Amino acid sequence: MTTGGCRGQTAAAMKSRKLSFLEFWRSKKERGALLRRANQLKLHPSQMGRLLADSEVRAAIQNGKMASLLPPVGTEVFRRFTPASLGEIQERHEAEEKERKRRKKNKEVAEDDLPKPVGDLEERKPLPFVFGDPPPELLYTPLEELDPYYQSQKTFIVLSKGNVLHRFSAERPCYLLSPFSPLRTVAIKILIHSFFSLFIMMTLLTNCVFMTMSDPPAWSGIVEYVFIAVYTFETIVKVASRGFCVGKFTFLRDPWNWLDVMVVTTAYLIMFVNLGKLSVLWMVPRTLKLLAVIPVSGLKTTVRALVQSVKRLAGVTVLAALCLSVIALTALHLFMGSLKHRCVMIPLHSNQTSYEDVTYGYYDNKTGSSDFDFNEYINNQNSTYFLPGQVDALLCGNGSDAEVCPEGHLCVKGGRNPNYGFTSYDSFGWSLLSVFRLMTQDFRENLVQMTLQAAGKRCLIFFVLVFPVCLCLLSLVLAVVAMASGEQEEADVAEAKQKEKEFSQILKVLKRREEEEQAASRAALSEEQEGESRQSQERRSTAVEESEEDQRTCPLCWFVFADLLLKWNCCGYWRWLKQRLYTFITNPFFDLGIVVCLVLNTVFMAAEHYPMTEGFYWQLTVAHLVFTVIFLAEMILKLVALGLYGYFQVGWNVFDSIVVAVSLQELFLFSYLLNTLLLMRVLRLARWWPSLRMLLKFIWTSVKALRNLILVLLIMVFIFTIVGIQLFRKDYRDNVCHIALPRWHMNDFFHAFLIIVRILFGEWIETTWDCMEASGQTMCLIFFIMVLVIGKLLILTLFLTLLLSSVISDSLVAPDEKENNNLQIAIGLIKKAVAWNKTCILGCIRTLQGKKDHVNPDHRAVDSMEENRKVYMDLNLVTSDQPVSEVKAHIESQRVPTAEIEFNRPENEEEQKKQQCDDVQKHPEVQQDEDDEARKGSTPEDCCSDKCYRCCPFLDVDTSQGSARIWSNFRRACFSIVQQKYFEILIIFIILLSSGALMFEDIHLQHRRVLKTVVETADQVFTFLFLLEMFLKWIAFGLKKYFTNAWCWLDFLILDVSLVSLTADILGFSQVGAIQSLRTLRALGPLRALSRFRGLRLAVEAVVRTVCSTWNMLLVFMVVWLIFSIMGVDLFAGRFYHCVNETSEESFSPSVVDNKTDCFSLINDNYTEARWKNAKFNFDSVPSGFLSLLVLATSTLWTDIMNAAVDAREVDIQPEYEANLQMYLFYICFIITTFFTFNLFIRVVIDNLQRHKSGRKPVFMTEEQQKTVKKLFLEKPQHPVPRPQNRCQSLLFDLVTRPCFEVFMVVLICLNVVTLMVETDEQSLEKEVILFFIHFTFIIIFFIEFLLKIIALRQHYFKDSFNIIDFIVITVSIVDIFLTELMEKFFVTSTLFPLLRVARVARILHLIPCARGTRTLLVAFLMSLPALFNIGLLLFIIMFTFSIFGMFNFAYVKKEEGIENMFNFETFGNSIVCMFMVTTSSGWAGLLRPLMNFPPDCDPNMENPGSTVTGDCVNPLVAVGFFASYILLTILLVVHMYIAVILETFSSGDAETLCEDDLQMFYKTWRRFDPDALQCIQYSELSDFCDSLQDPLRIPKPNTIRLIHMDLPLLPGDKIHCVDVLLALATQVSGDPGEMDSLKTRMEEQLKANTPKVSYEPISSTLQRKQEEVAASVIQRAYRKRLLQHGDAKETALESVGVSGGVSGSSHPGGALE
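Residues numbered from 1 in each chain as written. Predicted model: local features only at pLDDT ≥ 70, side-chain atom pairs only at ≥ 80, totals over all residues. Heavy atoms only, no water.

Visitor: I'd love a proper account of the pattern of salt bridges, names of residues and values included.
Guide: For the structure shown, the criterion picks out 44 salt bridges. Ionic pairing is found between E763 and R758, a salt bridge with its closest N-O pair at 3.1 Å. Across the salt bridge formed by K1033 and E1029, the nearest N and O atoms sit 2.6 Å from each other. Within this pair, K1033 and its partner E1029 are both found in helix 41 (residues 1009-1042), separated by four residues, close to a single helical turn. A relative accessible area of 1% means that K1033 is categorised as buried. If you follow the salt bridges from partner to partner, you end up with K340, K413, D426, D1321 and E1322 in one network. (Salt bridge = Lys/Arg side-chain N within 4 Å of Asp/Glu carboxyl O. Helix = DSSP H or I, 4+ residues; strand = E, 2+ residues; numbered from the N terminus. Buried < 20%, exposed > 50% of the residue type's maximum accessible area, 1.4 Å probe, protein only.)

Structure follows, in structure tokens:
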């Protein structure tokens, strides 16, 4: 019920409004309720009739937009389109043309006067309710236009079934058929008929089925001709009905019809032309046509919204491309050719020891003689060193911190790069691909490992800097898509508000009209009134009966059938039995018993494992039978008590019956599928568990609400699947000999579908390598990157829409809203009984002790228990013939009184718990920055608590005299010490030193005696200092305050660990296992720093609040994972075992070893290399299943688990390649469920943040940090550089400040960067010389630029940060040219110098057309830096702590798989490198595998030289807990990082800041309108001036209304001042008038300095002037109307005098004059 411009106005309103993300999030429930109400607006038929027939009602609501569209009362709403109608349209069109020509004479037309189409009367939308239902005979008939906007245009409408509006052009299609031609009428009826759309949709679906066939039948060619004929017929029908392209609403004017053109064109093209691989393009438009023909409302709107979100990504795309290019260029010059270094075996007959000796010993460059070709030798894979199980050779480097080759091998450069040669930094393209891989977080730990092996660990700094940039880019993408979703949501809400407003107006008028009629009817006779009232009552009763019949969802016969067979009321005994059973099943303890049985059943199901003893298996079987009988008995009892009709009216009872039926079938027909379906019993807990029920409801509601987006995603997956098959299937088959067919291929539809799904889940690089090796690089890269980008965008949009949708939020029950059910009531009764028994027992004990009982028994508890007993034991009989609503009402009426029992905690207890979770206590000495200044000098608090003083009265002494006074003064002195900031700085310094000392306790410490002594002494000193700190705080703050603080407890526990360790060392018990385990807890020492920084405390508080508020959801997630873990045990327990050759680490073929017996036969035949081995990650038990699920969800090794699952056959049977292919679906189902649960987890996190955020205060940063970052990045521009007085300098100044000069220099910068990009590894000498001279030329040019600017700008040159960068770059470049060898020998490598020139490319942000949006996003990122720093610092401290812990516990683990020479826990450097890679949550499973070894995979008795630690085995439980806790913490912190960036982007996205370029643009435009520099222009020129500006200050025409509402001051002579205009425009941009004060002051100073002072005394304003004009026009119209009325009166008087004059004219000769 809104116009088409509503969305545009809403977007404009949203643009000028500052709305933070949390404010938007906080209003989601209200928005959801509003949207739901707007979709349910509908008038009653009687109200509809009154609206259409009552002229008074229509007159009263004439201002309503929809009501004003209705024709006058008495005329037809729907009129047939006839030739006369076409003539009227032509007349209206001519009149409108004349009016348009008349308006052309005016300069502009107000925005509100422009005609706009009605949004609710758009094509393919249902008619609004105000029009009612058209007569059936008018359906599929041409009708006249209803929209006034089109009534003057040659169009007509046709209504189809469901009152859907279709609009057609009245022009002749192809100049042949008139609108009244029978052929066109038939074409229109065919086109809009639902069966035609259904026929086209079924044709497309059938075509899609044929597309999926790998080997289609021979007759498929004939079917293809049928498809082409159908699509051609559809196109002909559309052209015949709509026209081709001339006029509106023709065939080509609809973009969806372009797909038809593409379908038909490509179909006929491939019939005659062989396009090769491009012939696959015919599939894409056919599949996309499904979006146009599938009868789902809102599908096209969803596609349009996706397109709009892509447009919003333009700014962040530019920023991402620039950042990735700079990073790729940096990596190119840092690591070019490094990944080709590999370990080559030294020939046995050689006695050389260096690479040069070997080279020149076997090849003479001068003579050409050679013993053998050394290049061929190093390129031969047989001469390179391979780690077991690895495809690529071991990488190495010649640096001191790079990978070292094993003995007998040299590190040389040769061969191809890893991963088929596709992973390298040898050119800009490959470097960009590697950086893009880092950004998408796909297998990036492998790239980091290879780079560190080849280039050294110092290159870790590069990745430490790159990862945050990639994270922030992804965060900005998230923020932009979230903003697009938010704007779409706001537009929908604005439209809903308008609908609700107009609907309420219509209802208000109808109600008033009805009251008037009732008042008139009450004035009639009483008898008639009584008769009418009886008749009206009868009519109402009849209407109620009819409405009840209408509301029945089933025919009447079904209700008769239900009364006869489903409602069991046989006899009195049966009803007595039903009453007793109903009382039994509605008792709260019955539900409690069922819940206990469900929990026990879940425990027994989770107890299954492999291998199980026969006795334990029998016990589980018996337990399963017992639980089946219990649940069957429950169903029978409920069936008898409620009857079939009442039982199946409850949804949960239906679900219970399905579970029981499956259980019975599983008893007689064993099947893994049925056994898996038994896990649905766990979901029965959702009936009594609100959080689990909310998760299930969330998934169901999300699927319904987002069905359009999910459908678009599925169609895109299908398109990419069939395109991939057609492009690459032949190449995979033809290149089997060249490359073994990988597991992930595109030979058939299912495997291609799996590849697309894998890409959507984020893994694309490995399948891309296989494709490029088999089919070529270009096509594979284009295809896979396109799939990745489009798929990720759809997934991201789905995730954020799911997160931000108010409809889904409104349908959910908040986690803290607890519903009272029988389970809660039963638990409440038990608690009351326990409390009563406890009170009675205590009373008896006090009586026996002879003490007076001051504590009365809890009579209220007893009374409430008795009351509840009476309520539930005195239930009335509810027969099955009662309506279900009465049954539910009766049950609720019986539950409500008991539900008021205090099951939940009291409010004060809830508040206390909330305060404990929310208020992370602060350190006593750092709490002073939040207290008043007066508190610093206050007296210390009491040492002990009140309870201690009551128990020990001697502790309570008078501190004003005696020795107690000395003690008090001593406490005051200690208090003043610990409150000093220098004391805090000292403690921080000691914490840093003690943490640094922990770094040296590695495996080499035992060999460094001096260092060991220093570390041990330092540990003792630090322990003493921390002990002294604790004593000082005890004395200063008191024991009560110290031990009621969480941070002090942390310090106390860490200090206790150090004290126990030192004591054990002194007493000689340091080698005891418990003491050694306790010593590892010293790694927690760095956590002391968390309480010393306020920003860190904020981050910790946010994380703790999240954990406290999400524990219930986390428990629900654990239950969901428990279901999948039990399912995994049922499907895969004992099936991951396989017979493997330990030397080659390859499994035996099933043809060689078929089962466990064959494997042991090989072992018994002295085949020592064979072993029957289990996978490290398996589903042999529920805990192992949990670990495997964690790997599936977070690690790149999920493919190993899925490969084992797909290959598994049976227990003790050798796996076979893809023997169980359908197990891929297990992983897909798990990931989809994890997607929804993770989304719900993010919802809870954001709910927690908005609940604790007050006002505009930042969430993750302190107010000081926020002020600092605003001062740095949002500071207003400084004064412009003054023009020099010297003539030469002024000419140079004009030159360097011109935009064309800046453009020219940016072009040169880009060319310079391009020359850096073209450098490659192993380039020719000629290319190097050419590039050298090009670089030298650019240096000369940039040096000339520097000279010009330094002369023209003088000292102001260094005020611009870009100029400073240019100066540094020029300096280093000159040094690089002339002092290269010297700098390389004594300082740094010269490859770093070209990298500094890359920084100049950042200047291009000034001139890119979309750079303004990019700068806005960049400012948002900069504003979030403090929050990212706080969270990042917390992440670093956690990483540091876990690195120390890993070094203490896993230093001597056996090296295999992920644990290598460089990546291990032997030293702190290696350990923190490992934890850094684990932080990305991808490669941690490779590090965990060696830590899970058991003998014989490891040796627990092996001696480690120089160490007292024996063995290379570790505790697997400790390792799993170590990695699992670190992964969960890092995921939680990274989630908060994303949210921090999104919060700042939302806050800054609505308010643009003005920069110096905008002000200069304003000044230049002003000079054109004010050439005399008077600072003022005429008010009549303001409209043209504002239209001449550039964004963001520009206000395009028509702008009269907006300029009037700006209320600008008017000076004498109707002039407008420059300052007033700029301030008003700046306020429109920023939305904050208060921030314009500094801008106004600076502008006035500049104007006073440059131009003479003018009078600045306003006499009026634009708004006041408009009001005066409106008032004057009103007065003029009234005066003219009065004159006309007076003139008419005079003419009437003259006429009357003339008539009477003929009779008595002589008697009144002067009457006419009078």
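Visitor: An account of unusual backbone geometry is needed here, citing residue identities and associated values.
Guide: With an omega of -5 degrees, the peptide bond between Y610 and P611 qualifies as cis. Cis rather than trans, the peptide bond between P1495 and P1496 has omega equal to 10 degrees. Take P1496: it is sitting in the loop between helix 60 (1484-1491) and helix 61 (1516-1549). With a phi close to 70 degrees, R124 is a non-glycine residue in the positive phi region. Tracing the sequence through the fold places R124 in the loop between helix 6 (83-104) and strand 1 (142-143).

Visitor: How would you summarise the pairing of strand 5 (residues 409-413) if you had to cite specific residues and measurements?
Guide: Within strand 5, four of the five residues are buried, which leaves it mostly tucked inside the rest of the structure. Two elements, strand 4 (residues 341-345) and strand 5, share five bridges in a ladder whose sense is antiparallel. Bridge pairing links H341 to K413 in strand 5. (Pairing = 2+ DSSP bridges.)

Visitor: Could you give an account of the packing of aromatic side chains, naming the residues involved and the relevant values?
Guide: Aromatic ring pairs: the centre-centre distance and the angle between the two ring planes describe each pair. Scanning all chains against the criterion turns up 79 aromatic pairs. Site record: aromatic cluster; members linked through ring pairs are F1442, F1445, F1450, F1465, W1484, F1522, F1523 and Y1526. Positioned above the aromatic ring of W744, the side-chain terminus of R758 is 4.7 Å from the ring centre. (Phe/Tyr/Trp six-rings, centres within 6.5 Å; stacked < 30°, edge-to-face > 60°. Lys NZ or Arg CZ within 6 Å of the ring centre and 35° of its normal.)

Visitor: Outline helix 30 (residues 749-760), supporting the account with residue identities and numerical values.
Guide: Taking 1.5 Å per residue as the helical rise, helix 30 with its 12 residues ought to reach 16 Å, and the 16 Å between its terminal C-alpha atoms agrees with that figure. Counting buried residues along helix 30, nine of its 12 residues qualify, which places the element largely inside the surrounding structure. Along helix 30, the positions that sit buried rather than exposed are H751, A752, L754, I755, I756, V757, R758, I759 and L760. A side-chain oxygen of the first residue of helix 30 lies 3.2 Å from the backbone nitrogen of F750; this N-cap is D748. (Expected span 1.5 Å × (residues − 1). Polar contact = N/O pair within 3.5 Å; in protein donor to acceptor, adjacent residues only side chain to side chain.)

Visitor: Explain empty space enclosed by the protein residue by residue, including any values.
Guide: Summary: where empty space remains is shown by rolling a probe the size of a single water molecule over the atoms. Tallied over the full model, the rule gives eight cavities of 30 Å³ or more. Reported here for the largest cavity is a volume of approximately 160 Å³. What lines the largest cavity is a set of 15 residues, and nearest its centre among them are S994, L998, D1019, S1058 and R1082. The leading source of residues in the lining of the largest cavity is helix 41, at five residues. When the residues that make up the lining of the largest cavity are grouped by side-chain class, the tally is six nonpolar, five polar and four charged. (1 Å grid on protein atoms, 1.4 Å probe; cavity = no way out; pocket = protein on both sides within 12 Å on 5 of 7 lines; lining within 4 Å. Points joined across faces, edges and corners; volume = space filled by probe spheres on them. Nonpolar A, V, L, I, M, F, W, Y, C, P; charged D, E, K, R; others polar.)

Visitor: Run through the sheet that holds strand 6 (residues 1138-1141), naming residues and quoting values.
Guide: Strand order in the open sheet formed by three strands is 7-6-8, and the pairing between neighbours is antiparallel. At either margin of the open sheet sits one strand with a lone partner, and together these are strand 7 (1146-1147) and strand 8 (1170-1173). As paired elements, strand 6 and strand 7 share two bridges and run antiparallel to each other. From the neighbouring strand, N1141 faces strand 7, where its bridge partner is E1146. Helix-sheet contacts for helix 46 (residues 1156-1164) involve strand 6 and strand 8, and the interaxial angle to strand 8 is about 145 degrees. (Contact = heavy atoms within 4.5 Å. Axes fitted to C-alpha atoms, helices over the stretch in contact; angles between N-to-C directions.)

Visitor: How would you sum up the nonpolar core? Please name residues and give values.
Guide: If you look at the biggest cluster of nonpolar residues, it comprises 307 residues, and the most contacted ones within it are F783 and L1192. Ranked by residues supplied to this core, first place goes to helix 61 with 16 residues. Ignoring anything within four residues of it in the chain, the contact list for L1192 reads F1179, W1198, I1201, M1202, F1226, Y1227, F1230 and I1231. L1589, L1593, L1610 and C1618 belong to the second-largest nonpolar core, a separate cluster that totals 22 residues. (Core = buried A, V, L, I, M, F, W, Y, C linked by side-chain atoms within 4.5 Å.)

Visitor: Any details on the sheet that holds strand 2 (residues 155-160)? Residues and values, ideally.
Guide: Note: strands within a sheet are paired through backbone hydrogen bonds, in either parallel or antiparallel orientation. Across the sheet, which stays open at both edges, the three strands sit in the order 1-2-3 with antiparallel pairing between neighbours. Each end of this open sheet is capped by a strand with a single partner; those strands are strand 1 and strand 3 (164-169). Across two bridges, strand 1 lies against strand 2 in antiparallel orientation. Bridge pairing in strand 2 places P142 opposite V158. Packing against the sheet, helix 7 (residues 182-192) makes contact with strand 2 and strand 3, and its axis sits at approximately 145 degrees to strand 3.

Visitor: Give a detailed account of a nonpolar patch on the surface, specifying residues and quantitative values.
Guide: Together, Y225, Y268, L269, M271, F272, V273, L275, L278 and L281 give the surface a local cluster of nonpolar side chains, amounting to about 870 Å² of exposed area. Considering each element in turn, the nonpolar patch owes the most residues, four residues, to helix 10 (residues 255-272). As for its placement among the helices and strands, Y225 is situated in helix 9 (residues 220-242). (Patch = residues over 30% accessible without salt bridge, like charges linked within 9 Å, V, L, I, M, F, W, Y side chains within 5 Å. Areas by Shrake-Rupley, 256 points an atom, 1.4 Å probe, with all protein chains shown as cover.)

Visitor: Quick one: what's the story with the environment of Y1452, residue by residue and with numbers?
Guide: By secondary structure assignment, the location of Y1452 is in the loop between helix 58 (1425-1449) and helix 59 (1468-1479). The spatial distance from the C-alpha of Y1452 to the C-alpha of D1512 is 5.3 Å, given a sequence separation of 60 residues. Discounting residues that sit within four places of it in the chain, Y1452 has contacts with I1003, N1504, S1507, V1509, G1511 and D1512.

Visitor: So what's going on with the pairing of strand 2? Residues and values would help.
Guide: Among the six residues in strand 2, six count as buried, and that is most of the element. Neither face of strand 2 is exposed, since T155, I157 and L159 on one face and F156, V158 and S160 on the opposite face are all buried. Inspection of the sheet shows strand 2 paired to strand 3 by six bridges, in the antiparallel sense. Note that in strand 3 the partner of L159 across the bridge is L165. Hairpin connection, strand 2 to strand 3: the antiparallel pair is bridged by three residues, and G162 has positive phi, about 85 degrees.

Visitor: I'd like to hear about the state of the cysteines, residue by residue, with values.
Guide: Taken as a whole and assessed by the stated rule, the structure comprises five disulfides. The side chain of C343 participates in a disulfide bridge whose partner is C405; the two sulfur atoms lie 2.1 Å from each other. Its S-S torsion of approximately -90 degrees makes the covalent link between C343 and C405 left-handed. Of this pair, C343 sits in strand 4 while C405 sits in the loop between helix 16 (374-379) and strand 5; the two residues are 62 residues apart in sequence, bridging distant segments of the chain. For the pair C343 and C405, one class covers both residues: buried. Bonded cysteines in the chain are paired 1-3, 2-4, 5-6, 7-8, 9-10 when counted in the order they occur along the chain. (Disulfide = S-S within 2.5 Å.)

Interpretation in functional terms is not warranted from these geometric data alone.
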